[in-house]
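# Inside the fold
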Amino acid sequence: MSALTRLRAATRVELAVLGVATSAWRAVHTGIEDQPNAVGPVCADDDHDPDDPSLYDCCPNLVIELGTESEALAGYLAALLTADLGGAR
Ligand SMILES: [Zn+2]
């Protein structure tokens with residue numbers, strides 16, 4: 001079993017413990033930044049517009065902050081995490 005496979009499995013367990021069940025990740029603004037500064041699970045709340053990258057009380061309580069603002073980096077990480085849900089090796 002590769003290190004990536006072990007880490008993926010451990011992360012899935014941890015996400016389940018945290019109650020995060022998502023099929024996709026998204027770039028997130030935690031404040032009034034010009035560009036996203038975090039990545040988080042897609043919010044499934046009916047009142048949260050899927051195109052709205054803001055973070056609200058309705059959103060899953062898991063945010064991975066980047067330490068910088070970057071549309072490209074946040075989008076890339078969200079795409080990687082989403083693709084990995086399919087079990088890419
Ligand atoms: Zn939300």
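Scroll up to find the structure this text is about.
We now turn to the structure provided with this report. The residue count restarts for each chain, going from 1 along the sequence in the order it is written. Per-residue local features are limited, in this predicted model, to residues with pLDDT of at least 70; the limit for side-chain atom pairs, both in listing and counting, is 80 or more; totals at the level of whole chains, interfaces and linings are taken over all residues.

### Let's talk about the sheet that holds strand E2 (residues 38-41)
Within a beta sheet, neighbouring strands are joined by backbone hydrogen bonds and run either parallel or antiparallel to one another. This is how the line gets drawn: Being paired, for any two strands, means DSSP has found at least two bridges between them. Helix numbering and strand numbering both begin at the N terminus, where a helix is a DSSP run of H or I of at least 4 residues and a strand a DSSP run of E of at least 2. Our contact criterion uses C-beta atoms placed from the backbone: two residues qualify when those atoms are within 7 Å. To get an axis, a line is fitted to the C-alpha atoms, and for a helix only the part in contact is used. The angle between two axes follows their N-to-C directions and goes from 0 to 180 degrees.
Read from one edge to the other, the open sheet built from 3 strands follows the order E1-E2-E3, with strand pairing classed as antiparallel. A strand with exactly one partner marks an edge of an open sheet, and here the two such strands are strand E1 (25-28) and strand E3 (64-65). Helix-sheet contacts for helix H2 (residues 71-84) involve E1 and E2, and the interaxial angle to E1 is about 165°.

### Some points on the pairing of E2
Two strands pair when backbone bridges link them, and E1 and E2 are joined in this way by 4 bridges, in the antiparallel orientation. Each residue of the ladder has a partner; that of alanine 27, found in E2, is valine 39. Bridge analysis of E2 against E3 gives 2 bridges, and the strand direction is antiparallel. Bridge assignment links alanine 38 to a residue of E3, and that residue is glutamate 65.

### Details of the environment of aspartate 51
Convention followed: With C-beta atoms placed from the backbone, a residue is buried if 20 or more other C-beta atoms are within 10 Å of its own, exposed if 12 or fewer are, and partly exposed between those counts.
Examined against the element boundaries, aspartate 51 turns out to sit in the loop between E2 and E3. Residue aspartate 51 is classed as exposed on the basis of its 6 C-beta neighbours within 10 Å. The spacing of aspartate 51 and glycine 67 is 16 residues in sequence and 23 Å in space, taken between C-alpha atoms.

### So, the environment of glycine 86
Note on placement: glycine 86 falls in the segment after H2. Assessed through the 7 C-beta atoms surrounding it within 10 Å, glycine 86 is described here as exposed. Sequence spacing of glycine 86 and arginine 6 is 80 residues, and the spatial spacing of their C-alpha atoms is 15 Å.

### Quick look at the nonpolar core
Where we set the bar: A set of buried Ala, Val, Leu, Ile, Met, Phe, Trp, Tyr and Cys residues, joined to one another through C-beta atoms within 7 Å, is what we call a nonpolar core.
Counting residues in hydrophobic clusters, the biggest one holds 7 residues: Trp25, Ala27, Val28, Ala38, Val39, Ala74 and Ala78. Taken together, the elements giving at least two residues each to this core come down to E1, E2 and H2. At 3 residues, E1 tops the list of elements feeding residues into this core. For valine 28, the residues in contact, after removing those within four places along its chain, are Pro36, Ala38, Val39, Gly40, Pro53, Leu55 and Val63.

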